[in-house]
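So you can see what is in the structure, the chains are spelled out below.
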Amino acid sequence: MAEPLRLVPWEAEVVEATTESPGIVTLWLRATDPELRAAYRFEPGQFNMLYLFGVGEVPISISSDPDEPEVLGHTVRAVGRVTDQLVALGPGDRLGVRGPFGTPWPLARAEGRDLLVVTGGLGCAPVVSVIDYVMARRERFGKLTILQGVKHSQDLIWRQRYQQWARAANTEVGLAADVAGANWPGHVGLVTELFDRFALDPATTETMMCGPEPMMRAAARDLEGRGFDPGAVWLSMERNMHCAVARCGHCQFGPHFVCRDGPIFSYERIRELLAVKGL
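Overview of the structure. (Residues numbered from 1 in each chain as written. Predicted model: local features only at pLDDT ≥ 70, side-chain atom pairs only at ≥ 80, totals over all residues. Heavy atoms only, no water.)

## Observations concerning the side chain of Ser236
Quick reminder of the rule: Helical segments are the DSSP runs of H or I of at least four residues, strand segments are the runs of E of at least two, and each set is numbered from the N terminus. Between buried and exposed lies partly exposed: a residue is buried under 20% and exposed over 50% of the maximum accessible area for its type, with that area taken using a 1.4 Å probe on protein chains only. By definition in these notes, contact holds between two residues if any of their heavy atoms fall within 4.5 Å.
Residue position: Ser236 is located in strand β12 (residues 233-236). By relative accessible area, Ser236 is classed as buried at 7%. Setting aside residues no more than four positions away along its own chain, Ser236 makes contact with Trp105, Pro126, Met209, Cys210, Met216, Pro263 and Ile264.

Here is the structure:
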């Protein structure tokens, strides 16, 4: 994408809006300019800035498949002024888009290896693109283990998708909830407690995780203690990204800017920064 298209929003139309749960909607967007639509390319893990005129702009991960770039999926949770209005959009509505931005998941590096996906809370959208990518290209990857933790069992979204993933070949799914409601089929406790329940080989596994930072920090430390290479453990970091081009400084993380140098970082690269309280 040319630099001006990363600085100035281009127009997109909502093709479909899928309600995932109360307050969480996946918007399927298509650029109104046919030439731009044909030229747009992204990789799993990158994000776009979604813009509503007179309201504001927010970074949202792209959750669709990179081989189908003409219609882009963005899962949005209503948590503030901009996102409250984004989830209210419907087919035919239009908004501004800038992107793609950021570093992708290292999926080329992961080919031929096992893959461990660890997510926490409602932060699983950035790795849904990873799971869907692997499922569509299953023969390129080894065993896929998906571990999802939530605070309360009722917080789990995409329940049917987890069931579908669990039925796929060479794939295992583990669910954990700090607080479990009636008929909860998963583990009661922390998602990191699931590590003992699955056969994980540190020598053959790439790990990709997203969710609350304390969870990712604890999970990465746990995995390193089990012999996992910290350079093969990848985290999707979140910071308050405003400009997305490393100019405003809002997303600075030590010497890094999350919008430019992330959001995907290896644990080895940011291990010391994660240990600094409040950074």
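Text resumes after the structure shown.
## Side note on the pattern of salt bridges
Any two side chains of opposite charge can pair, on the condition that their charged atoms come close. Which entries qualify depends on this criterion: One side-chain nitrogen of Lys or Arg within 4 Å of one carboxyl oxygen of Asp or Glu is enough to make a salt bridge.
Inspection of every chain in the model, using the stated rule, returns 14 salt bridges. Here Arg94 makes a salt bridge to Glu11, at a shortest N to O gap of 3.0 Å. Of this pair, Arg94 sits in strand β6 (residues 94-101) while Glu11 sits in strand β1 (residues 10-21), placing them 83 residues apart in sequence. A relative accessible area of 46% means that Arg94 is categorised as partly exposed. The partner of Glu70 in a salt bridge is Arg37, with the nearest N and O atoms 3.9 Å apart. With Glu70 in the loop between β4 (56-61) and β5 (72-77) and Arg37 in helix α2 (residues 34-39), the pair connects residues that are 33 residues apart, well separated along the chain. The buried category is assigned to Arg37, whose relative accessible area is 19%. Each member of the salt-bridge network shares a partner with another, and the members are Asp65, Asp67 and Arg137.

## Quick word on the sheet that holds strand β11 (residues 205-210)
Put simply, the rule is: Only when DSSP finds a minimum of two bridges between them are two strands counted as paired. Axis lines are fitted through C-alpha atoms, for helices just across the contact stretch, and the angle between N-to-C directions can take any value from 0 to 180 degrees.
Across the sheet, which stays open at both edges, the 7 strands sit in the order β10-β9-β8-β7-β11-β12-β15 with mixed pairing between neighbours. A single partner strand is all that each edge strand has here, and the edge strands are β10 (187-188) and β15 (264-266). As judged from the 6 bridges shared by strand β7 (residues 114-120) and β11, these two strands associate in the parallel manner. Looking across to β11, one finds that Val118 is bridged to Met209. Along the sheet, helix α5 (residues 125-136) makes contact with β7, β8 (144-152), β9 (171-179), β11 and β12, crossing β7 at roughly 150 degrees.

## Focus: the nonpolar core
Put simply, the rule is: In these notes, a set of buried Ala, Val, Leu, Ile, Met, Phe, Trp, Tyr and Cys residues joined through side-chain atoms within 4.5 Å is what counts as a nonpolar core.
Judged by nonpolar contacts, the single largest core of 37 residues is most densely connected at Met209, Leu235, Met237 and Ile270. Going through the elements one at a time, β3 (47-52), β7, α7 (213-225), β12, α8 (258-261) and α9 (267-274) are the ones with two or more residues in this core. Of all the elements, α7 adds the most residues to this core, at 5 residues. Apart from residues lying up to four places away in sequence, Met209 is in contact with Trp105, Val118, Val127, Met216, Ala219, Ala220, Leu223, Val233, Trp234, Leu235 and Ser236.

## What about the layout of surface pockets?
Condition: A pocket here means an open set of points on a 1 Å grid, computed over the protein atoms alone, that has protein on both sides within 12 Å along at least five of seven lines. A cavity is instead a set of points where a 1.4 Å probe fits but cannot get out; residues with an atom within 4 Å of a point line either one. Grid points are joined across faces, edges and corners, and a volume is the space filled by probe spheres set on the points. Classification convention: Asp, Glu, Lys, Arg as charged; Ala, Val, Leu, Ile, Met, Phe, Trp, Tyr, Cys, Pro as nonpolar; all other residues, Gly among them, as polar.
Empty space within the largest pocket amounts to approximately 950 Å³. Around the largest pocket, the lining comprises 37 residues; the ones closest to its centre are Pro59, Ile60, Ser61, Val79 and Glu238. Secondary-structure elements contributing two or more residues to the lining of the largest pocket are β4, β5, α3 (81-86), α5 and α7. No other element matches β4, which puts 5 residues into the lining of the largest pocket. Considering only residue class, the lining of the largest pocket consists of 19 nonpolar, 12 polar and 6 charged. Size it by volume and the second largest pocket reaches roughly 240 Å³.

## Looking at the packing of aromatic side chains
Formally: Each Phe, Tyr or Trp ring (for Trp, its six-membered ring) is paired with any other whose centre lies within 6.5 Å, and the angle between the two planes then decides the class: stacked below 30 degrees, edge-to-face above 60, tilted in between.
Taken as a whole and judged by the stated rule, the model has 6 aromatic pairs. Here the aromatic rings of Phe47 and Phe101 are separated by 5.8 Å at their centres, their planes lie at 35 degrees, and the arrangement is tilted. Separated by 54 residues along the polypeptide, Phe47 in strand β3 and Phe101 in strand β6 bring together distant segments of the chain. Judged by relative accessible area, Phe47 falls into the buried class, the value being 2%. Judged by centre distance (6.4 Å) and plane angle (75 degrees), the ring pair of Tyr133 and Phe141 falls under edge-to-face.

Purely spatial values, then, with no claim about function.
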